[in-house]
Amino acid sequence: MASAAALREAGGTGTDAGRGLLPVVPALRGVLPEGGLRRGTAVSVAGGDAGLLLALAAGVRETEGGWAAAVGLPDLGLAAAAGYGLDLRRLLVADDPGPHWAEVVSVLAGAVELIMLRPDGPVPPNLAARLAAVLRRSACVLLVAGPWPGAGLRLGVRSGQWFGLGDGHGQLTGRQVEVVAEGRGSAVRGRTARLWLPDAHGTARVVEETAAGVVVDEAGEDVTSGAGAGLDRMAVV
Amino acid sequence: MADGGASGVSGAGTPRVLVVWCPDWPVVAVERPGDAGPAVAAGADGSIGADGRPVAAGSAGGGIPVAVVEGGRVLACSAAARAAGVRQGQRLKLAQRLCPALELRDRDPEAETRRFEPVVAAVEAFTPRVEVLRPGLCAIPVKGPGRYFGGEEALAAKVQGAVTAALAAAVPTAAATDAGPAAAGRPVHPVDAESAAGVRPAPDPGLDPGTRPGTRPGTRPGTSPGDRGPAPVAEVVPLHPADADADRTAPRRRTAGVDELFAATPAARDGARGGFARPAAYPPEPARPESRPESRQDGLGPAAAHRPEAPHPAESRREGARPQPGGPEAGRPGPSAAEGLAAAPAPCGQVGVADGLFAAVLAARAGVLVPAGRTAEFLAPYPVAVLGDEVLAELLDRLGLPTVGAFAALPAEAVADRFGPAGTTAHRLARGLQPRPLVPRTGGPDLSVEQRFDPPEPLAEPLVFVARTLAERLHQRLAGAGLTCQRVAVEVECADGRTVARLWRHEGRLSATALAERVRWQLQAWQSTGTFDAGPAGGPRGPHDPDGLRGPGSPRDRRNPRGPESRHDSEDPGAGGFTALRLVPDDLTPDQGRQLALWGQAVADDRVERAVARVQAVLGHAGLRRIEPAGGRGPDEQAVRVPWGEPYDPDAPADAPWPGRLRDVWPTVVHRTPLPAAVLDADGRPVTVDGRAGVSARPSTVTVRGRQLAVDGWTGPWPAVEYWWDPARARRRARFQVTVAGGLALLLTVEGGVWLVEAGYD
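Conventions and cut-offs
- Residues numbered from 1 in each chain as written.
- Chains lettered and ligands numbered in written order.
- Predicted model: local features only at pLDDT ≥ 70, side-chain atom pairs only at ≥ 80, totals over all residues.
- Helix = DSSP H or I, 4+ residues; strand = E, 2+ residues; numbered from the N terminus.
- Buried ≥ 20, exposed ≤ 12 C-beta atoms within 10 Å, placed from the backbone.
- Contact = placed C-beta atoms within 7 Å.
- Pairing = 2+ DSSP bridges.
- Axes fitted to C-alpha atoms, helices over the stretch in contact; angles between N-to-C directions.
- Parallel < 35°, antiparallel > 145°, perpendicular 65-115°, else oblique.
- Left-handed = near helix turned anticlockwise from the far one by under 90°.
- Nonpolar A, V, L, I, M, F, W, Y, C, P; charged D, E, K, R; others polar.
- pLDDT = per-residue confidence, 0-100.
- Core = buried A, V, L, I, M, F, W, Y, C linked by C-beta atoms within 7 Å.
- Expected span 1.5 Å × (residues − 1).

**Overview of the overall build of chain B**
The helix and strand inventory of chain B stands at 28 helices and 19 strands. For chain B, buried positions account for 51% of its 762 residues. Pairs at least 24 residues apart make up 65% of the contacts formed inside chain B by residues separated by at least 6 positions.

Dropping the structure here:
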């Protein structure tokens, strides 16, 4: 294990951009500042929107034989996860880690590419810092459903709207959301994207520009200024 | 007797078996109150006189002939029917022609089992190792209880008493009149006779004397034909009280048995019973209801007359012949037993003991106790048909070997040459051996390795060092034996006497270092969860008790009840240190190499395996799971979480068509336990769904967790009626999708009028 971690560290923390990014599904590339999830960092999904969480995790499939793990997410919709593109055969689930979640995460970080996590209660900053070190060493991405102290990137959804249901007929065919991303460094200026999350096939897709003038990409500055407040609002839901 | 009783195992190594047999059980099971008295009484009578057809024929006028029919043939019949010529296995037409009054009943296996249950319970009081061969027939090994209860004799007597009491108590229809006789029929146990006498009111004088005396005197001569010459069996089984009977009957069985026994499925039943062992006391002479002693004299008259060598009262003779060491019965005087003799036996049980199950069943039918090692002699007079191989029996008969004894006398090699495996099996049975030689399960070599620490080792680290050496030794031993183990148990003993153990999956893939590493993880995990802490004086622990977080299947939970406290100091195990570390290989299999892929194409590489092992060390075996696709309609049925390392066998294929299954957009949040909800229409009334999937009103609000959400759009109901053919699994529900204010969508389920939020889309 030590040797593997060392190898990973040698390669992962270098400047190699390809090595340092975990790919994401194409629909999400636009909203992420670097076009992918930086390895060894923690990403907070505000409000714990499970659809966004799964869409982000689905990129693990594009790595070669990479595994993902879900810790403390017992009610994760596995069928939906498969719809977003997650490889369920390469998914480890620890549904009830309880107070041991940090230990579980630090162990799994050495083995999997990405961990979805819902912590068991508020996360003290020092614990987050310790785990951040573990993540950096192991080049694993931590997707946290909820707030995370010192998260490199915060994502959230807002103005979600479901389509497909009438008054007593129809069925859900998709949800349009505005995904908001903000973070540190290059991501300090927030980005938004309007996505189908999910679309009629259960996957994430960019909303195509239509005559109705739906915003596709690259929201204006006004969104940026209000992004933080928007995330907080979403977190309540 | 003492030798046989004390040894418990015959010299040949065939285990002694005690069999309890309740005759005509299918008939007993379906007996009805109306015919209970005569039919049962006659049944018992008839069973006595079963082999003596003419006997019963003349006497059984009082009973209702009853036959239990299965597949167009007679499965069992009451004595009255048997007296009329009805036989087991007879065609229905023939039976009805022989006995036009025959009352046919369908077999009721459930009733057979149900009514046999008290008997099994009674036998279970002697040893828990009761094997129910079929309702009406059960067997126990003699070895243990035989010693405990003072020998086979005493055990047999006690079992018989218990069975009789159970039968008497369990046959409600016969409770009034037959409880007594049931006990009396087996005059072995005083309790029965007494209880019977106490329970039983005076039998109807009109009925009893009317049927019994007429039956009995006729029966006896036929049953124990005193004019038969003595048989070899007399020398063969000299210990049994019924020898006098046996020797008389043996020859007849040889001759008459052949024609009679071939018809019935379990052959030899009639001949064996009627002749061999019908003990002197068994044919209970019906007592005149009002007078015990005199009636006994009365009733025994005929029986005694047929037994010149035993003019004594039947039961006392029996007592003498079947000594029951230490039992109070030993000195029991006749009269008390005679009380029980007042009526004919109800459904009764017979007990037999012999070497091996096969012979024991026959012994039970005969009601005899075959001494250890003399089973072959006991079996010898039986026709070869009892061996249960019709083809072989027919062949042997044509070859001039009509009896088991003659067959057994053949050399085993010749039998094997001529008749093959089936013949060998039958030959072994005929010789009173087990049907096949014992193949004892080899317990496997003890390959466990251990290291003891004296004085106790307070630190965990030395154990890890030792573990590596131990693992190397273990692997050497395994390799030396050509074995591999599926699991290895790591056991740690503490100075306070506790032993904690944990199974690790091995499958031959762990190196010594890896095994030592697992020992370290395990010790760390135990220390961090307070496994080794002694007493309640531990330090504070986390807010959650890890016990509550482990699945019930977690080995740690099973093996390792811990105090709720935790101390994170590895310096002090709290239990006085470790005294031993042991590695025990589990589930040894021949080493044939190992299969690489764990499942599917997703081969878990070492990195993942190790991480999984470490997580399982913390959370328990069930704490970390993998996903397997599953089949179903609901969102929670699409995949199952299987503990890592456990095989998964889906009971419903995932790719089968699932009509009514939800469509592509699946909910991202599937609640493990659906949340209760209230769905109201615009007027504030609950929305209901009727049996035809009609909705009472448009849902207007959904209240979940105290929050009321306005419904924007809705659809449904989508009925899902599942497993309607299986009451245990049947579910009938209807699903709704609703969108509510706030951009949320919910999957609602209504089942039995209760609304639940099954899943959420977000």
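Now that the structure is up, let's keep going.
**Structural notes on the overall build of chain A**
The secondary structure content of chain A amounts to eight helices and 12 strands. Each of the 237 residues in chain A was classed as buried or not, and the buried ones make up 54%.

**Things to note about the environment of Pro149(A)**
All names here are of chain A. Among the secondary structure elements, Pro149 is positioned in the loop between strand 7 (141–145) and strand 8 (153–165). For Pro149, a count of 17 C-beta atoms within 10 Å puts it in the partly exposed group. Distance in space between the C-alpha atoms of Pro149 and Leu127 is 9.3 Å, their sequence separation being 22 residues.

**Here's the deal with the sheet that holds strand 7 (residues 350–355) of chain B**
All names here are of chain B. Read across the sheet, four strands follow the order 5-6-1-7 without closing on themselves; strand pairing throughout is antiparallel. Since the sheet does not close on itself, it has two edges, and those belong to strand 5 (131–134) and strand 7, each with one partner. Averaged over all pairs of adjacent strands, the angle between their axes in this sheet comes to 25 degrees, without regard to strand direction. Here six bridges tie strand 1 (residues 16–21) to strand 7, and the two strands are oriented antiparallel to one another. Its bridge partner being in strand 7, Arg16 is matched across the sheet by Asp355.

**A closer look at the packing of helix 6 (residues 101–109) of chain A against helix 7 (residues 125–138) of chain A**
All names here are of chain A. Contact pair helix 6 / helix 7: the axes reach a minimum separation of 9 Å and the direction vectors enclose 15 degrees. Accordingly, the angle class assigned to the pair helix 6 and helix 7 is roughly parallel. Seen from above, helix 6 lies across helix 7 with left-handed handedness. Between helix 6 and helix 7, the contacting residues are Ala102, Val105, Ser106 and Ala109 on the first element and Leu127, Leu131, Val134, Leu135 and Ser138 on the second. Taken together, the residues of the contact of helix 6 with helix 7 break down into seven nonpolar, two polar and no charged.

**Some details on the interface of chain B and chain A**
In this complex, chain B contributes 47 residues to the contact, which on the side of chain A involves 53 residues. The element contributing the most residues to the side of chain B that touches chain A is helix 28 (residues 606–619) of chain B, with nine residues. A breakdown of the residues in the side of chain B that touches chain A according to their chemical character gives 23 nonpolar, 13 polar and 11 charged. Note that strand 9 (residues 167–168) of chain A and strand 16 (residues 707–722) of chain B share two bridges and pair parallel. For Asp167(A), the partnering residue across the bridge sits in strand 16 of chain B and is Trp714(B).

**Quick notes on the confidence of the model for chain B**
Residue and element names in this part refer to chain B. Residues at a pLDDT of 70 or more form 62% of chain B, whose mean pLDDT is 67. Throughout residues 173–345 the model reports pLDDT below 50, and contacts reaching past four residues in sequence, or to other chains, amount to 388 contacts. This prediction of the complex comes with two scores: 0.48 for pTM and 0.82 for ipTM.

**Thoughts on the sheet that holds strand 4 (residues 103–106) of chain B**
Strands belonging to one sheet form pairs held by backbone hydrogen bonds; the direction of such a pair is parallel or antiparallel. All names here are of chain B. Spatially, three strands are ordered 3-2-4 in an open sheet, and the strand pairing comes out mixed. Strands with a single pairing partner mark the edges of an open sheet, and in this sheet they are strand 3 (73–77) and strand 4. Between one strand axis and the next, the sheet turns through 40 degrees on average, direction left out of account. Where strand 2 (residues 66–70) meets strand 4, four bridges bridge the pair, whose relative direction is parallel. The residue of strand 4 that forms the bridge with Val69 is Asp106.

**Regarding the environment of Pro590(B)**
Residue and element names in this part refer to chain B. Within the element layout of this structure, Pro590 appears in strand 11 (residues 578–590). Among the residues examined, Pro590 registers 8 C-beta atoms within 10 Å and is labelled exposed. Taking the C-alpha atoms as reference points, Pro590 and Leu478, 112 residues apart in sequence, are found 9.5 Å from one another. Each residue touching Pro590, except ones within four places of it in the same chain, is listed here: Gly482 and Leu483.

**Some thoughts on the nonpolar core**
Nonpolar side chains in soluble globular proteins generally cluster together in the buried interior. Residues Leu108(A), Ile115(A) and Leu143(A) are the most contacted members of the largest nonpolar core, which totals 149 residues. Broken down by element, this core gets its largest block of residues, eight residues, from helix 28 of chain B. When sequence neighbours within four positions are dropped, the list of residues in contact with Leu143(A) reads Val43(A), Val45(A), Leu53(A), Leu56(A), Ala57(A), Leu114(A), Ile115(A), Met116(A) and Leu117(A). Counting 83 residues, the second largest nonpolar core, distinct from the first, contains Trp21(B), Ala76(B), Ala360(B) and Leu379(B).

**A short note on the confidence of the model for chain A**
Predicted confidence across chain A gives a mean pLDDT of 79, with 78% of residues reaching 70 or more. Contacts of residues 1–18 of chain A to residues separated by more than four positions or lying in other chains number 19 contacts, the stretch itself having pLDDT below 50.

**Thoughts on helix 4 (residues 50–57) of chain A**
Counting buried residues along helix 4 of chain A, eight of its eight residues qualify, which places the element largely inside the surrounding structure. Among the residues of helix 4 of chain A, Ala50(A), Gly51(A), Leu52(A), Leu53(A), Leu54(A), Ala55(A), Leu56(A) and Ala57(A) are the ones counted as buried.

**Things to note about unusual backbone geometry**
Looking along the chain, the bond that leaves Leu197(A) and enters Pro198(A) is cis, with omega of 5 degrees. Relative to the elements of secondary structure, Pro198(A) occurs in the loop between strand 11 (191–196) and strand 12 (205–206). With omega at 5 degrees, the peptide bond leading from Asp454(B) into Pro455(B) counts as cis. Within the secondary structure, Pro455(B) sits in strand 8 (residues 449–457). Positive phi is not limited to glycine here, since Asp24(B) has a value of about 55 degrees. Along the polypeptide, Asp24(B) turns up in the loop between strand 1 and helix 2 (25–29). You can call Asp24(B) buried: it has 28 C-beta atoms within 10 Å.

**Points about helix 25 (residues 512–528) of chain B**
Residues and elements named next belong to chain B. Helix length check: helix 25 (17 residues) gives 24 Å between terminal C-alpha atoms against 24 Å at 1.5 Å per residue, within 8%. For helix 25, every residue scored as buried is listed here: Leu515, Ala516, Glu517, Arg518, Val519, Trp521, Gln522, Leu523, Ala525, Trp526 and Gln527. Among the structural elements, helix 24 (461–481), strand 9 (483–494), strand 10 (499–505) and helix 28 are those in contact with the buried residues of helix 25.

**Some remarks on the packing of helix 24 of chain B against helix 25 of chain B**
To describe two helices that pack against each other, one gives the angle between their axes and the distance between the axes. Residue and element names in this part refer to chain B. Two elements in contact, helix 24 and helix 25, have axes separated by 8 Å at closest approach and are oriented at 140 degrees. In terms of orientation, helix 24 and helix 25 fall into the oblique class. Relative to helix 25, the crossing made by helix 24 is right-handed. Of the residues in helix 25, those touching helix 24 at Leu463, Val464, Ala467, Arg468, Ala471, Glu472 and His475 are Ala512, Thr513, Leu515, Ala516, Val519, Arg520 and Leu523. By residue class, the composition of the contact of helix 24 with helix 25 is nine nonpolar, two polar and three charged.

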